[in-house]
Structure formats: structure tokens, C-alpha cells
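Fold and contact review
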Amino acid sequence: MLGLKEKVSYGLGAVGKDMVYMLSASYVLYYFEDILGVSAAAMGVILLVARVFDAFNDPIMGVVVAKTRTRWGKFRPWLLVGTLTNAVVLFLMFAAPPSLDARGLVAYAAVTYIVWGVTYTMMDIPYWSMIPAFTNGGSEREGLTTLARSCAGVGSAIISILTMVAVPVLGKIFGGAVPAGLSMRFPEKQWIELNGFRYFTLAVAVLFVVFTIVMCVFVREKSSVDMKTASVGEMFRALVQNDQAMTVVLTIVVINIALYITSNLVIYFFKYDIGGTSWHNGYALFNMVGGGTQILAMMILYPFLRGVLKLNNIRIFYVSIFMSIIGYVALLALATIGVSNIVPLLVPGVLVMASAGVNNVIITVFLANTVDYGELKNNRRDESVIFSMQTFVVKLASGISAFVASIALSVLNFKQAGGSCIADSGIDFAAGVPASSKMALRMVMTLVPIFVLAAGLLLFRSRFTLTDSKIAEISEKLSAKKSARE
């Protein structure tokens, strides 16, 4: 059985890891496009190209992890190296030199974001691959997965809640006056945000490193999984043969595309649609409630549905998807009828983020179970490769959703519609935005996710077969094969 110290340390690793990921996934587009003035279309291409690059990088990293043999295990060395390099690159990404011209900023964004993706893969794959390596199947694995996903949700929620609260404060404290040569490009409020992101990112990067070091000290592989290493081609064939893993992978893509489209656009929704001179306060409250809901959903709602109501994971997954769809419909309806009060808008936010929290747990349980399924079917445990696909598809979803959001922003051109002068913090950015542009934004951030979720639900229902009884049967067969070998 896992001890409390191991569980807490592993959970801390998830907190730091997802703080970093959420900061990049939710704010890199806003940072480069809205603050630094990089073309939204250019950012969309950068984010999408980076994810295509990951299509080659992530599986290779899975093979590298599988072949690693050190006195410290196969996972911990990569966790440390990946974390340290990713923390440095993360800081550099949100510390772009403001003196760069338009082309320079595009090049800077492209290089730092691609390298950030590579270094994140270096630590994310071994993190999740550790689950099958030092836990038994069934309740122990499901319990650790639930804990890790709950802690990951805490990390995401911290970023969602604190970013736009801390950034202005840190920017005012450490930003200083706008240099004379940059005053035409960066009015005061914009300069404050620019510097605020730099120092907020530094704090996040430091916490990330500290949490990972704690995890590596106290969490060790309890058993060495005897894996037959294979070439990249063999690994891809193994994934193709594992139909359940591929089904879960595609489902992860769908769920995250829907969620990240919303997370990329919601800040623009508050700034350019709801508007008001204190739009950032409403945005911060919306994220605070949503982030708290996500945590509670993982820690309370999922265990309640699973343990008290005795629902199986597949049924819980269906419930969470429908919950999210209802939330999107409610958000579109409230925005369309002109509701600008934050309180009613919290209701759809709660539904969508509760669904996200539950799905965070379920999807990882599903994916971990496909490792056992693949071992029985293909006579090889491919946990590193399967979990490398999770890393890739989550980043792929981030890239696709950011591309969709950037194209929408490029077409709508909110800055030009709302006015380019942002030096006065009392400006209502939504005042000059046409009603048609606002409605288009609402439809992109609600109807597109609904369509994507519906398509994913149909795919999952038609192809996924790993019920609780099937998993128990697989575990028994694997135990029997192990006993026979002994």
C-alpha cells in the first residue's frame, strides 16, 4: 500500500506540473496577441505547428523513457531534467524583450513555445507513466489517479484564480515606468501587464521546481516493469493494435479542445463583450468559482458518484459530458439575452468546470486501464508510449483550440473595434465592439465546444469496451499469466 508521504509528494508534483501547463495553455495567446501585439493569425499558426512537431517528439520521448536504466530508476531522472529546463523556458516565454519588432516577436514566440512543449514532454510522460509502474491495478491505482488528477486540478485552479489578480499587482510593484523609447507601443496599463506576467511566471516556475524535487525525493518506483524496448515504428503499431487506448486518446483530444477553446476566449468575453471598467474583477471571480468547482468535483463529486451512487466510470463520464453541454447552452442563452451580472454567469461556469474536474479523473483511469488491456492483448506493457500519447493529444488539443480562437480573434479584431488606447484603466473596452462581433464570439466559445463534445461522445459510445467487469477479468488473466511464468 502507498504511504501518506508518497501520496502527498506525488500530488505536489501534479500541482506544480499543471500550474505550468495552465499558465501556458490559457495565457500564451493573450500575452503575445493582446499585450505584445503579435498577430492573432500568426500566433494560431505557431501554436498549431508546435503541436504537429510534438507528434514526432512525444512518441520518441516515450521510447527514451522506456529504455532508460539508472540507479535512480527510469522515471525520476527525466522528471528532474524536464522540470528544470521547462521552468527556465517558461520564464523566458513570458519575459519577451519588449524592444523586439513584430517579426522578432513572432520568432521569439515560435522558438520559446516549441522548446517549452519539448521540455514539458520530458517531465510529463514519466510523471504519468509512474502510475502503472508503482501501483497495482484496481482501487490502489484508481485512488492514486484520483488524487493526482485532483491535485492537478488544484494547480490549474491556482493559475485560473490568481493570474489576472496577481499580474496587475506584481506589474505595479516591479514594473517601473515605461521607458521613453517604448511609450508609444506600451501605454501604462499594458506595460504593467507585461511586467506582471514576467514576475508571476517566475514565481510559478520556482514552485514547479520545488514541488518536483520533493516528489522525486519521496516517491520511488516500487517495482521495475520489465519492458521490451521497441523502435518508434513498433510502438506506433502497438498503439494501433490497442484499440481501447486509441479510443481514449481521441476522447482526450475532444474533451480538451472543447475546454481550451473556452479557456482561451473567456478572457476576451469578459473584456470585449461584458466589458465595464472593472471587467477583470468579474473575470477573476468567474475563474475563482470555476477553479474551486473543478477541485471539488474531483475530490467530492467524483467519489460521490462512484462510491455513494455506485455509478460505473462509463456512466459517470456520460453524466459529465451532458453536464458540460448544458453549461455551454446556458452560457450562450444568458449572454444572448444581455445578462452582464456575474452571478448568473457563474452557473454555467460551475457546470462546465465540474464536468472538467470529473473528466480529469475518469480519462486517466481509462488510460491506465488500457495499459493492462494492451499487455494482455499484445504481450507487452507500453505504458510510456500510451502515456506519451496522452501528453501529445492534450497539447494537440491546446494547439487546435488556440488556432480556432486565434482565427476568431483575427476576424473579429476586437482591438480595432473597441479602440486601441488602453492607457486609462477606466476604459470600457466593450463600448465600441459591434453587437454582431460579440455574438460571433459567444457562438465560437459555446456552439463549437458543444459540437466537438457531441462528436466525441458518439465515438466513445461506439468503441469503448473496458467496463468495470472487463477490467476485473483482465486483471485476473494477467495474474494467472504471471503465476504461470513463476
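Summarised in this report is the structure supplied together with it. As the structure is a prediction and not an experimental result, all values here were calculated from the model.

Turning our eyes to something else, we now look at the overall build of the protein. Counting its secondary structure elements, the protein contains 15 helices and zero strands. Counting all 486 residues of the protein, 58% fall into the buried class. Partitioning the contacts of the protein with sequence separation of at least 6, the portion at a separation of at least 24 is 86%. As presented, the protein carries roughly 18,800 Å² of accessible surface, and 68% of it is formed by carbon and sulfur atoms.

It is worth spelling out the environment of Leu-79 at this point. Here Leu-79 is to be found in helix 3 (residues 76-93). Considering only alpha carbons, one finds Leu-79 and Met-122, 43 residues apart in sequence, at a separation of 6.9 Å. Those residues in contact with Leu-79 that lie beyond four places of it in its chain are Met-122, Met-123, Pro-126, Tyr-127, Met-130, Thr-212, Met-215 and Cys-216.

Right, let's get into a nonpolar patch on the surface. A cluster of nonpolar side chains, Leu-80, Ile-213, Val-217 and Phe-218, forms an exposed patch at the surface whose accessible area comes to about 310 Å². If one sorts the elements of the nonpolar patch by residue count, helix 6 (residues 188-218) sits on top with three residues.

This paragraph deals with the nonpolar core. Judged by nonpolar contacts, the single largest core of 152 residues is most densely connected at Tyr-10, Phe-32 and Phe-317. Among the elements that take part in this core, helix 8 (residues 243-274) stands out by supplying 19 residues, more than any other.

Applying the stated criterion across every chain yields a total of seven cavities of 30 Å³ or more. When its volume is computed, the largest cavity comes out at roughly 400 Å³. Listed by contribution, the elements that provide at least two residues to the lining of the largest cavity are helix 1 (4-35), helix 4 (102-134), helix 5 (139-174), helix 8, helix 11 (342-378) and helix 12 (383-412). Forming the boundary of the second largest cavity are 22 residues, of which Ser-263, Val-266, Phe-286, Asn-287 and Met-353 lie nearest the centre.

Here we take up helix 8. Spanning 32 residues, helix 8 covers 45 Å between terminal C-alpha atoms, matching the ideal 46 Å at 1.5 Å per step. Remark: the principal bend of helix 8, roughly 35°, maps to Leu-265. With 28 of its 32 residues buried, helix 8 lies for the most part within the structure. Looking one or two residues past helix 8, Gly-275 carries a phi angle of roughly 65°, positive in sign.

Helix length check: helix 3, at 18 residues, gives a terminal C-alpha distance of 25 Å against a target of 26 Å (1.5 Å per residue), a fit within 8%. When helix 3 is considered as a whole, its buried residues turn out to be Arg-76, Leu-79, Gly-82, Thr-83, Asn-86, Ala-87, Val-89, Leu-90 and Met-93.

In the contact formed by helix 3 and helix 6, the axes pass within 9 Å of each other and the chain directions differ by 175°. When the interaxial angle is binned, helix 3 and helix 6 end up roughly antiparallel. In contact with Arg-76, Leu-79, Leu-80, Thr-83, Leu-84, Asn-86, Ala-87, Leu-90 and Phe-91 of helix 3, helix 6 contributes Arg-198, Thr-201, Leu-202, Val-204, Ala-205, Phe-208, Val-209, Thr-212, Ile-213, Met-215 and Cys-216.

Moving on to the pattern of salt bridges. Scanning all chains against the criterion turns up seven salt bridges. Of the charged contacts in the structure, one is a salt bridge between Lys-271 and Asp-34, with a shortest N-O distance of 2.6 Å. Residue Lys-271 is found in helix 8, and its partner Asp-34 is found in helix 1; the two are separated by 237 residues along the sequence. Taken as a pair, Lys-271 and Asp-34 share a single burial class, namely buried. In this structure, Lys-477 and Glu-473 form a salt bridge, with 3.1 Å as the shortest nitrogen-oxygen distance. Here Lys-477 and its partner Glu-473 are both found in helix 15 (residues 468-485), four residues apart, which amounts to about one turn of the helix.

Before going further, it helps to examine the packing of aromatic side chains. Applying the stated criterion to the full structure yields 26 aromatic pairs. Ring plane angle 50° and centroid distance 6.1 Å describe the contact between Tyr-21 and Tyr-260, whose orientation is recorded as tilted. Taken together, the residues Tyr-21 in helix 1 and Tyr-260 in helix 8 connect sequence positions 239 residues apart. Residue Tyr-21 is classed as buried on the basis of its relative accessible area, which comes to 6%. The interplanar angle of 55° and the centroid separation of 5.9 Å between the aromatic rings of Tyr-27 and Phe-197 together place this pair among those described as tilted. Linking Tyr-27 in helix 1 with Phe-197 in helix 6, this pair joins segments that are 170 residues apart in sequence. One exposure class covers both Tyr-27 and Phe-197, and it is buried. Every member of this aromatic cluster is reached through a ring pair, and the members are Tyr-21, Tyr-113, Trp-116, Tyr-120 and Tyr-260. We note Arg-461 situated over the ring of Tyr-318; from NZ or CZ to the ring centre the distance is 5.3 Å.

Our next topic: the environment of Gly-349. Secondary-structure assignment places Gly-349 in helix 11. The buried category is assigned to Gly-349, whose relative accessible area is 8%. Distance in space between the C-alpha atoms of Gly-349 and Val-289 is 7.8 Å, their sequence separation being 60 residues.

Each value, and the rule that gives it
- Residues numbered from 1 in each chain as written.
- Predicted model: local features only at pLDDT ≥ 70, side-chain atom pairs only at ≥ 80, totals over all residues.
- Heavy atoms only, no water.
- Helix = DSSP H or I, 4+ residues; strand = E, 2+ residues; numbered from the N terminus.
- Buried < 20%, exposed > 50% of the residue type's maximum accessible area, 1.4 Å probe, protein only.
- Contact = heavy atoms within 4.5 Å.
- Areas by Shrake-Rupley, 256 points an atom, 1.4 Å probe, with all protein chains shown as cover.
- Patch = residues over 30% accessible without salt bridge, like charges linked within 9 Å, V, L, I, M, F, W, Y side chains within 5 Å.
- Salt bridge = Lys/Arg side-chain N within 4 Å of Asp/Glu carboxyl O.
- Core = buried A, V, L, I, M, F, W, Y, C linked by side-chain atoms within 4.5 Å.
- 1 Å grid on protein atoms, 1.4 Å probe; cavity = no way out; pocket = protein on both sides within 12 Å on 5 of 7 lines; lining within 4 Å.
- Points joined across faces, edges and corners; volume = space filled by probe spheres on them.
- Expected span 1.5 Å × (residues − 1).
- Bend = angle between axes of the 7 residues up to and from the residue.
- Axes fitted to C-alpha atoms, helices over the stretch in contact; angles between N-to-C directions.
- Parallel < 35°, antiparallel > 145°, perpendicular 65-115°, else oblique.
- Phe/Tyr/Trp six-rings, centres within 6.5 Å; stacked < 30°, edge-to-face > 60°.
- Lys NZ or Arg CZ within 6 Å of the ring centre and 35° of its normal.

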